[in-house]
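Residue-level structural notes
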Amino acid sequence: MLTLYQFPISHFCEKARWALDYKDIEHQKVTLLPGLHVGKMKKLAGRSSVPVLKHGDSIIHGSSEIIDHLDLKFDWNRLTPIDEDQKRKAREWEEFADKNLGPQVRLVVYHIMLDYPDLLIPFFTQDGPWYGAFLMKKMFPKLRDKMRNLMKINEQTAAKSNEQLVKVVDDLANHYANHEFMIGNEFSRADLTAAALLAPIVMPDKYGVAWPVEIPQRMQEFISQFDGKLDWVNRLYDSYR
Ligand SMILES: N[C@@H](CCC(=O)N[C@@H](CS)C(=O)NCC(=O)O)C(=O)O
């Protein structure tokens, strides 16, 4: 049996969830409570971050490594191109996006949403332990300060991340306006990564969290910068998720 350790809201975890579902691999999920996950993950994987996949005795840490592992062990619905040149390009893009897209989306979204605990706490506690909501309400102020500290979330870093995002999203919009896929003629981990890491801005249903019905004004303003530039994310979710 495979077990995915995860946070529902995490877009890096969404990469792993999507890969498991796309390859139709039977698995179970262990949903952790942010903050309380640290001890458990360090004991299991030696580091605190998720996603982590346990497959038999193997512990696979990180979304890209999980996709590598799944393609190696389950040779169907491949996400890694077979052609060497395309494989290299897909991996290069994924590495770029994991560094220059995922953290930036997370930083700006948290910069805004940490000011709205009533909206954020349900994301943190969904599918987790029964006592999660109660505990999270109590520990939220400390967790918020810790998150701002650890991820260096502030007005300046949010402005810088936003600037970087606008540029990457423009490049992606131009690319997908003329191409069905990021690389070659097939859906690959490159498309999955691009769409999953931008999904918190697009909020597709298949991401698996209950998106808020009313979105704060600041969040709406952030999202509206990308109007008409992320339709391809919905297309990829509709066709491949
Ligand atoms: N590059 C890693 C990034 C993973 C990551 O940043 N995970 C975040 C959630 S989005 C996390 O677990 N943060 C809490 C921690 O590091 O303890 C991957 O692709 O898996």
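Check the entry above for the structure.
So, here is what we can say about the structure in this document. (Residues numbered from 1 in each chain as written. Predicted model: local features only at pLDDT ≥ 70, side-chain atom pairs only at ≥ 80, totals over all residues.)

Turning next to the site of the ligand. Lining the immediate environment of the ligand, one finds 13 residues, of which Ser10, Ser48, Ser49, Gly62 and Ser63 sit closest. Taken together, the residues of the shell around the ligand break down into five nonpolar, six polar and two charged. (Near = placed C-beta within 6 Å. Nonpolar A, V, L, I, M, F, W, Y, C, P; charged D, E, K, R; others polar.)

It is worth spelling out helix α3 (residues 63-73) at this point. Every α-helical turn comprises 3.6 residues, leaving residues that sit three or four positions apart pointing alike. For α3, the complete set of buried residues consists of Ser63, Ile66, Ile67 and Leu70. For α3, the buried positions fall inside an angular range of 100° around the axis, keeping them on one side. (Buried ≥ 20, exposed ≤ 12 C-beta atoms within 10 Å, placed from the backbone. Helix = DSSP H or I, 4+ residues; strand = E, 2+ residues; numbered from the N terminus. Arc of directions from axis to C-beta.)

Take the environment of lysine 40 next. Position of lysine 40 relative to the elements: it lies in helix α2 (residues 37-45). Judged by local crowding, lysine 40 falls into the partly exposed class, with 16 C-beta atoms found within 10 Å.

Once that is clear, we can look at unusual backbone geometry. The step from valine 50 to proline 51 runs through a cis peptide bond, and the omega angle for that step is 15°. As for its position among the elements, proline 51 is in the loop between α2 and β3 (52-55). Even without a glycine there, the phi angle at aspartate 24 is positive, about 55°. As for its position among the elements, aspartate 24 is in the loop between α1 (11-22) and β2 (27-31).

Below, the discussion takes up the packing of α1 against α3. Interaxial distance between α1 and α3 falls to 9 Å at its minimum, and their mutual angle equals 10°. By the angle between their axes, α1 is roughly parallel relative to α3. Contacts between α1 and α3 involve Phe12, Lys15, Ala16, Ala19 and Leu20 from the first element and Ser63, Ile66, Ile67 and Leu70 from the second. Taken together, the residues of the contact of α1 with α3 sort by class into seven nonpolar, one polar and one charged. (Axes fitted to C-alpha atoms, helices over the stretch in contact; angles between N-to-C directions. Parallel < 35°, antiparallel > 145°, perpendicular 65-115°, else oblique. Contact = placed C-beta atoms within 7 Å.)

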